[in-house]
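Examination of the molecular architecture
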Amino acid sequence: MGAAEGFFERRDAGRFTATEYTRGPWDALSQHAGPPAALLGRAVEERPGARADMRIARITYEILRPVPIGELEVTTTVLRSGRSTEVVEAAIAPVGAAVGAAPVMLARALRIRVAQEPVPAVVSGPQLPAPGEVEVTPFFPVPWETGYHSAMETRFTEGAFVEPGPGTCWMRMKVPLIAGEETRPLDRVLIAADSGNGISAVMDFGSYVFINSDLTVHLHRHPVGEWACVQARTSVDAAGIGLADAQLHDEKGPIGRSAQSLFVAPRS
């Protein structure tokens, strides 16, 4: 693929074609959830009539079925609109599906109005090594050459994909979210946040599945720069239910948190 390509190619205002860069590590025909999560976040902010004085403070994704690699339609609906907050829902459905078919991924975003007068900023969290201070860390082995793993640069300051336990990983997109369009800092955070369970895997990839069917991202500060960092920890109960909890950073410091509910089971 050429350098000018991205995770998606825009067909019109609400239609996109997913490229091979969206491919996840488990199924050659399905996307990693990071790229469609970023696409839905972009749709929330770009929808017609979106207020410029609001920004996303929380966005929750429901991954209803695997997101296919192909042509997709993205729609948005304002569920609630007020003076200081609004709730917007965005959905992805495959083009060519039956009319009225259920979407494969949903996002519900809370947008909050930015204060007109500055308020005292209160920030807490660790100061991490900068991405330039650590070396590139490879992904775990993936059975195909091109995919999410090849379109993202990863640099661990703690742990690694092949080391069980908590992990802290700086991530940077090598290609734009949408081919030919500017990549935004919010894109960079949302495309990385779904990797928390892989960064902090506590079980062997070859022996167990630990799949998330949701993702929630809270942001107290709008991200800046090319890099997003996911500092993640996974907990698993014997009943096969887990949680991957992460603090999110940019190069200036903490920006929020993400959480994923996990289904955990031995591989059949």
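Residues numbered from 1 in each chain as written. Predicted model: local features only at pLDDT ≥ 70, side-chain atom pairs only at ≥ 80, totals over all residues. Heavy atoms only, no water.

**Section: the overall build of the protein chain**
As a reminder, the rule being used: Secondary structure counts use DSSP, requiring at least four H or I residues in a row for a helix and at least two E residues in a row for a strand, with both numbered from the N terminus. For the radius of gyration, the atom set is restricted to C-alpha positions; the globular benchmark scales as 2.2 Å times the number of residues to the power 0.38. Burial classes: relative accessible area under 20% of the type maximum marks a residue as buried, over 50% as exposed, and values in between as partly exposed (1.4 Å probe, protein chains only). Note on contacts: a residue pair qualifies if any of its non-hydrogen atoms lie within 4.5 Å across the two residues. Shrake-Rupley sampling with a 1.4 Å probe provides the accessible areas, and residues are treated as covered by the protein chains on show and by no other component.
Scanning the protein chain from N- to C-terminus turns up four helices and 13 strands. Compactness check: the protein chain gives a C-alpha radius of gyration of 18 Å against a globular reference of 18 Å for 268 residues, within 12% of the reference. C-alpha extents for the protein chain along the principal axes are approximately 50 × 50 × 40 Å. Counting only residues that meet the buried cut, the protein chain has 50% of its 268 residues in that class. Taking contacts inside the protein chain between residues at least 6 apart in sequence as the whole, the part at least 24 apart equals 66%. Entry remark: accessible area of the protein chain is about 12700 Å², with carbon and sulfur atoms responsible for 54%.

**Regarding the packing of aromatic side chains**
Each aromatic ring pair is summarised here by two numbers: the centre-to-centre distance and the angle between the ring planes. The test is simple: Between rings of Phe, Tyr and Trp, where Trp is taken as its six-membered ring, a pair exists when centres lie within 6.5 Å; planes separated by under 30 degrees are stacked, by over 60 edge-to-face, and by other angles tilted. Cation placement over rings: the criterion is NZ of Lys or CZ of Arg within 6 Å of the ring centroid and within 35° of the ring normal.
As enumerated under the stated definition, the model contains 10 aromatic pairs in all. Both rings, one in W26 and one in F140, keep their centres 5.5 Å apart while their planes meet at 15°; by these two values the pair is stacked. Of this pair, W26 sits in the loop between β2 (15-18) and α1 (34-46) while F140 sits in the loop between β6 (105-113) and α2 (148-151), and the two are 114 residues apart along the sequence. When the ring of F139 is compared with that of Y148, the centres are 6.3 Å apart and the planes differ by 85°; the resulting orientation is edge-to-face. Feature note: the residues W26, F139, F140, Y148, F156, F161, F205 and F210 constitute an aromatic cluster, connected by ring pairs. Between the NZ or CZ atom of R267 and the centre of the ring of W26, over which it lies, the distance is 4.8 Å.

**As for the pairing of strand β11 (residues 227-236)**
As a reminder, the rule being used: Whether two strands pair depends on DSSP finding at least two bridges between them.
Pairing geometry for strand β8 (residues 163-173) and β11, over six bridges, is antiparallel. Each bridged residue has a counterpart across the sheet, and for C169 the counterpart in β11 is V230.

**With respect to the side chain of T19**
Using the following cut-off: Polar contacts, as used here, are pairs of N or O atoms within 3.5 Å; protein pairs need one atom able to donate a hydrogen and one able to accept it. Residues neighboring in sequence count only if both atoms are side-chain atoms.
Topologically, T19 is positioned in the loop between β2 and α1. For T19, the side chain forms a polar contact with the main-chain oxygen of G6, separated by 2.7 Å.

**Things to note about the environment of F205**
Mapped onto the elements of the fold, F205 is located in the loop between α4 (196-199) and β9 (208-212). The class for F205 is buried, based on a relative accessible area of 12%.

**Focus on the pattern of salt bridges**
Here is the rule: Salt bridges are counted wherever a side-chain nitrogen of Lys or Arg sits within 4 Å of a carboxyl oxygen of Asp or Glu.
One pass over the full model with this rule turns up 17 salt bridges. The salt bridge partner of E46 is R184, with a shortest N-O separation of 3.1 Å. With E46 in helix α1 and R184 in the loop between β8 and α3 (185-193), this residue pair connects regions lying 138 residues apart in the sequence. Its relative accessible area of 33% is what places E46 among the partly exposed residues. Taking the shortest distance from any N to any O, the salt bridge between E89 and R108 comes out at 2.9 Å. With a gap of 19 residues between them, E89 in strand β5 (residues 85-94) and R108 in strand β6 connect regions that are remote in the sequence. Residue E89 is classed as partly exposed on the basis of its relative accessible area, which comes to 22%. Accessibility expressed as a relative area gives 40% for R108, which makes it partly exposed. Salt bridges here are not isolated pairs; linked through shared partners, they connect R10, R42, E46, E181, R184 and D187.

**What about α1?**
Each turn of an α-helix holds 3.6 residues, which means side chains three or four residues apart point in the same direction. Applicable threshold: Take the number of residues in a helix, subtract one, and multiply by 1.5 Å to get its expected span.
For α1, which comprises 13 residues, the first-to-last C-alpha distance of 18 Å matches the rise-based estimate of 18 Å (1.5 Å per residue) to within 8%. Buried residues dominate α1, accounting for 11 of its 13 residues. Of all the positions in α1, only G34, P35, P36, A37, A38, L39, L40, G41, R42, A43 and V44 are classed as buried.

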